[in-house]
Every structure is written in C-alpha cells, then in structure tokens.
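# Understanding the architecture of this molecule
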Amino acid sequence: DGKVRRDPSADGGDDDDDAVFLFSPTKNAVMGGAVSGGGIGGGNSGGGNMFGAAGQMGGMFGNQMGAGQAGMMPGMMQGMMQQQNANPNGDMMVPNPPTDTVSSLRFAPSSNHFIASSWDKQVHLYAVQNNMQVGKAGTLAFQAPVLCCAWNNTGSHVFAGSCDKTVKMWDVQANKHMDIGMHDAPVKEVFYASQINSVITGSWDRTVRFWDTRTPSKPSFTIQLPDRVYCMDVVDQLMVIGTANRQVHMYNLSNVQQAFRVTNSTLKFQSRSIACFPNKRGFALGSIEGRVAIEHVDVKDKNSDFAFKCHRTDPKKHPVKVYAVNCITFNRTTGTFATCGSDGAYVFWDKDSKQRLK
C-alpha cells in the first residue's frame, strides 16, 4: 500500500531501546548508536559504518529498536524496558538522543562531531568535547523516517536519505539545507564519493543514483538493478551493493557503466549488511540469519571465501535463537571488524585468523 513498516521477522524480533552510547577512545572504543530493523544495515551502512573513521577510534555500535516501534503497545514496551538493562556496559549515555530507533551513525572526518539518522524523521548532530561531554548541535527534519546519513570528505556537509524518498544536503556550519535528489521509493543508503565529487544513493526503487551537488535534483547517472537495494558500501573506487534477490553487484567507480562482477550470496537468507575490506580486495556480507560471509572480489581468490555463524544463543540450549547481523564495520588500520546484531551485542573478529576477538 506504499507505506513503510518495520518487519519484526527481519531483525530477529527483538525489542530494545533507542539509546546512543559514548565509549572512551582511551579504552580503544568508540561512540555507538542503535541500529534497527525495517530498512537498514547499517550501514550503513551500513548502517553505521564508521569504525575508527578519521578520528582513528576503534569500536562499534550495537543494534536496538526504538521505543516508538510500530505495532508495539506503549504499555507492553514499557514493561520490556523495565525488565532489561539499557546500558549493560556502564557506558556514558549521550544526552538528548533521538526519540525513535537510530538507523545509522557517522563520525565527521575532521572534527569531533557525529550524526545519527533516526526513525523519528530527523538527523541529529552532536558535538563531543575534549572532556567527553556531548551536546546536541542541530537537527535536520524530514517528512518520514530517515534510513541513512553520510558526511562529505571535509566534514562541512551532511547528506541523508529518507522514507519520504528525498535526498537532502545539510551545510552544518551555515545550518542550511536543500533537496538534491529524489527516488521513487525510500532511500536506503547514501555515500559521498570525493574521487568523483558525487553523492551516491541506493533505494528500494531498484536504482543507485549519482548526484552532482552543483546541479541538484537531476541524477548525473543511474544504475538500474534487478531488485531493491538492501545494503551497500563504498570504499575508494570499490562499490558493493546487496539486493533483495540476494545478489551482490560490484562496481569500480571509475567505470560505473557496468558491474565488473555480479554474484549470488553464499548465504541462504536475506542480505542485511555489507562492508568492504580496507584493502578493497573483498567484503563481508551479513544476513538476517546470524551469519557472515567473507568474500573476495577477484574470482582467483574464491578459495579464501568462507562463512561463519554469529549473533545467536548457546547452541546447546534449545530452542536456539538466531538474530540478524545489522551492521558490519572494519577497522581501517588493523583490518579487523565488528558485527552488530539484533541480540543487542557487538562482536569483534579477525577474518585473517578466522577468530573471534576477546
């Protein structure tokens, strides 16, 4: 019927809060935001895909669902909140968090700021002081839930995509914004590619579109895909796109006319999150069924591909509960990565040694 709804089955059916946490970088950790179901990855990126970005902080943010979740009665949700610890690690809570589920979180490349997009129809900007105190520095409003956000390479502008189908550019210094693009369905992913001076967006309308901010409203190029964009990542010249039909499309940004490789996911269930290796030789792909696949872009490296289980309860205790992998993020320096699941946990991994890190 054209309306956007969360699907509890897509994120493991968990019910958590919408808190944003702040972890001390002196303890090799980083700020974290909740990432949730109904349309993310987390990216971001995917959902939130900035692991040690620019500020070189190593850490991760977890997945939790908003107190305003569709289909949940307020009294029922309040009871669940009272039964669980919203801050099990005793971390510093970010004041004035979004009032609904956080869909993505990104750190500025050259300042102590971060942004969080949310199902409360806003992008929230926060400033972090040297004493680790955090204050809200502004908000950008949309007409519908915001599924993704990104910074430009200088940290002067923010880009965001929403379920209202628009793509906005926000000058955070001048506090001015403008629409730079429009899709035919909700915008699931957004990235800024400085090497081609373009904003790249992926949508449930089965397209990836490129926008030149100097000539807004009309895409400079459009990639037509066979199905909806469910997850996506861009690192330098490598762009990988996970679609609803469980395909992964790989592009070189120097030639976006045609994918240099299209492959079917080795995972049996819906793709949920994806992240490129820092060396651009491959990517990690997460599914709704608590698994991650490590895959390489070059066919000759196929023998190095593997998959593993994660974000599920003790297999010795039945029934085993399995949760979606909502976000995957690599440490750009060490090559290790973290996964965030609908179980409310984030876990660190070393793909080269095939080990979970303690």
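Structural data are supplied above this passage.
Below, the structure is looked at part by part. (Residues numbered from 1 in each chain as written. Predicted model: local features only at pLDDT ≥ 70, side-chain atom pairs only at ≥ 80, totals over all residues. Heavy atoms only, no water.)

On to the overall build of the chain. Summing up its helical and strand segments, the chain has one helix and 28 strands in all. Going through the 358 residues of the chain one by one, you find that 57% of them count as buried. Restricting to contacts in the chain with at least 6 residues of sequence separation, those with at least 24 account for 49%. Approximately 15,400 Å² of the chain is accessible, and the part contributed by carbon and sulfur atoms is 48%. (Helix = DSSP H or I, 4+ residues; strand = E, 2+ residues; numbered from the N terminus. Buried < 20%, exposed > 50% of the residue type's maximum accessible area, 1.4 Å probe, protein only. Contact = heavy atoms within 4.5 Å. Areas by Shrake-Rupley, 256 points an atom, 1.4 Å probe, with all protein chains shown as cover.)

Okay, the nonpolar core next. In terms of nonpolar packing, the biggest core is built from 16 residues, with Val208, Met232 and Met239 touching the most fellow members. When residues of this core are traced back to their parent elements, those giving at least two are β13 (187-193), β15 (207-211), β17 (229-235) and β18 (238-243). Among the elements that make up this core, the one with the highest residue count is β17 (three residues). Contacts of Met239, omitting those with residues within four sequence positions, involve Ile200, Val208, Phe210, Ile223, Met232, Asp233, Val234, His249, Met250, Tyr251 and Leu253. (Core = buried A, V, L, I, M, F, W, Y, C linked by side-chain atoms within 4.5 Å.)

Before going further, it helps to spend a moment on the sheet that holds strand β21 (residues 271-276). The antiparallel open sheet is built from four strands, whose spatial order is β21-β22-β23-β24. The open sheet has two edge strands, β21 and β24 (306-309), and neither has a second partner. Each neighbouring strand pair of the sheet contributes to a mean axis angle of 20°, computed without reference to strand direction. (Pairing = 2+ DSSP bridges. Axes fitted to C-alpha atoms, helices over the stretch in contact; angles between N-to-C directions.)

As for its placement among the helices and strands, Ser273 is situated in strand β21. A polar atom in the side chain of Ser273 sits 2.8 Å from the backbone oxygen of Val325. (Polar contact = N/O pair within 3.5 Å; in protein donor to acceptor, adjacent residues only side chain to side chain.)

On to the side chain of His249, then. Tracing the chain through its elements places His249 in strand β19 (residues 247-252). Not counting residues within four places of it along the chain, the set of residues in contact with His249 comprises Leu225, Pro226, Met239, Val240, Ile241, Thr243, Arg261 and Val262.

Attention now moves to the environment of Val123. One can find Val123 in strand β7 (residues 122-128). Along the backbone, Val123 and Gly161 are 38 residues apart, and their C-alpha atoms lie at a distance of 9.7 Å. In this structure Val123 touches Ile115, Ala116, Ser117, Gly138, Thr139, Leu140, Phe142, Val146, Val158, Ala160 and Trp170, once residues within four positions along its chain are discounted.

Our next topic: unusual backbone geometry. Cis geometry marks the peptide bond from His318 to Pro319; its omega dihedral reads 0°. The residue Pro319 is located in the loop between β24 and β25 (325-330) in this model. The residue Met132 is not glycine, and still its phi comes out positive at about 75°. Inspection of the secondary structure assignment puts Met132 in the loop between β7 and β8 (134-141). With relative accessibility at 19%, the residue Met132 sits in the buried group. Of note, Asp236 is a non-glycine position whose phi angle comes to about 55°, a positive value. Locating Asp236 in the fold gives a position in the loop between β17 and β18. A relative accessible area of 45% places Asp236 in the partly exposed class.

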